[in-house]
Amino acid sequence: MDERIRVVIGKPGLDGHDRGAKVVARALRDAGMEVVYTGLHQTPEQIVETVVQEDADAVGLSVLSGAHMTLFSRLSELLSERGIDDVVVFGGGIIPDEDIPELQRLGVAKIFTPGATTTDIVDWVREHVGAPAGT
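In this text, all values refer to a predicted model and were calculated from it rather than measured experimentally.

K.L.:
Just to check I follow, could you spell out the pairing of strand β1 (residues 6-10) for this structure?
P.N.:
Within a regular strand, side chains alternate between the sheet's two faces. Extensive coverage of β1 is indicated by the burial of four of its five residues. By the bridge criterion, four bridges tie β1 to strand β2 (residues 34-37) in an arrangement that is parallel. Within β2, the position partnered with V8 by the bridge is V36. Here four bridges tie β1 to strand β3 (residues 58-63), and the two strands are oriented parallel to one another. Opposite I9, over in β3, you have G60 as the bridge partner.

K.L.:
Please explain the sheet that holds strand β5 (residues 108-112) as it appears in this structure.
P.N.:
Paired through their backbone hydrogen bonds, the strands of a sheet run either parallel or antiparallel. In spatial order, the strands read β2-β1-β3-β4-β5; together these five strands make up an open sheet with parallel pairing. Edge positions in the open sheet fall to β2 and β5, since each of these has one partner strand only. The sheet shows a mean angle of 20° between the axes of neighbouring strands, direction not considered. In the packing of helix α3 (residues 68-81) onto the sheet, contacts are made with β3, β4 (88-93) and β5, and the angle to β3 comes to roughly 160°.

Procedures and definitions
- Residues numbered from 1 in each chain as written.
- Predicted model: local features only at pLDDT ≥ 70, side-chain atom pairs only at ≥ 80, totals over all residues.
- Heavy atoms only, no water.
- Buried < 20%, exposed > 50% of the residue type's maximum accessible area, 1.4 Å probe, protein only.
- Helix = DSSP H or I, 4+ residues; strand = E, 2+ residues; numbered from the N terminus.
- Pairing = 2+ DSSP bridges.
- Axes fitted to C-alpha atoms, helices over the stretch in contact; angles between N-to-C directions.
- Contact = heavy atoms within 4.5 Å.

Structure follows, in structure tokens:
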């Protein structure tokens with residue numbers, strides 16, 4: 001049985017810059033996690049479908065477009081509609097500090113802003129995701 005943490009990294013919306021998402025995906029993979037990167041221009045619906053199909057333990061969104069409130073809100077709404085309450089949601093990108101409390105209220109466990117290291121992200125995921133789903 002695979003005991004690795006399963007993480008979906010999503011790049012929602014029209015933002016076409018995915019270098020950071022790919023760096024995070026690679027860091028998590030190199031740390032022994034199973035990672036699925038959804039690619040550019042995904043809708044929250046497509047990302048949630050990937051979370052379901054991959055039986056993910058966590059989902060991380062990379063948002064640089066300024067649409068973080070809308071995208072995280074929609075993702076949280078879709079997860080709730082599907083009864084998914086055991087998937088840890090986190091994210092990163094260009095997100096103002098003043099928006100972080102509202103994102104946390106929406107169920108986003110952590111926002112990594114510019115300057116966060118891949119070590120910080122890997123360590124946080126290991127600490128906060130816990131046992132893989134279904135174990």
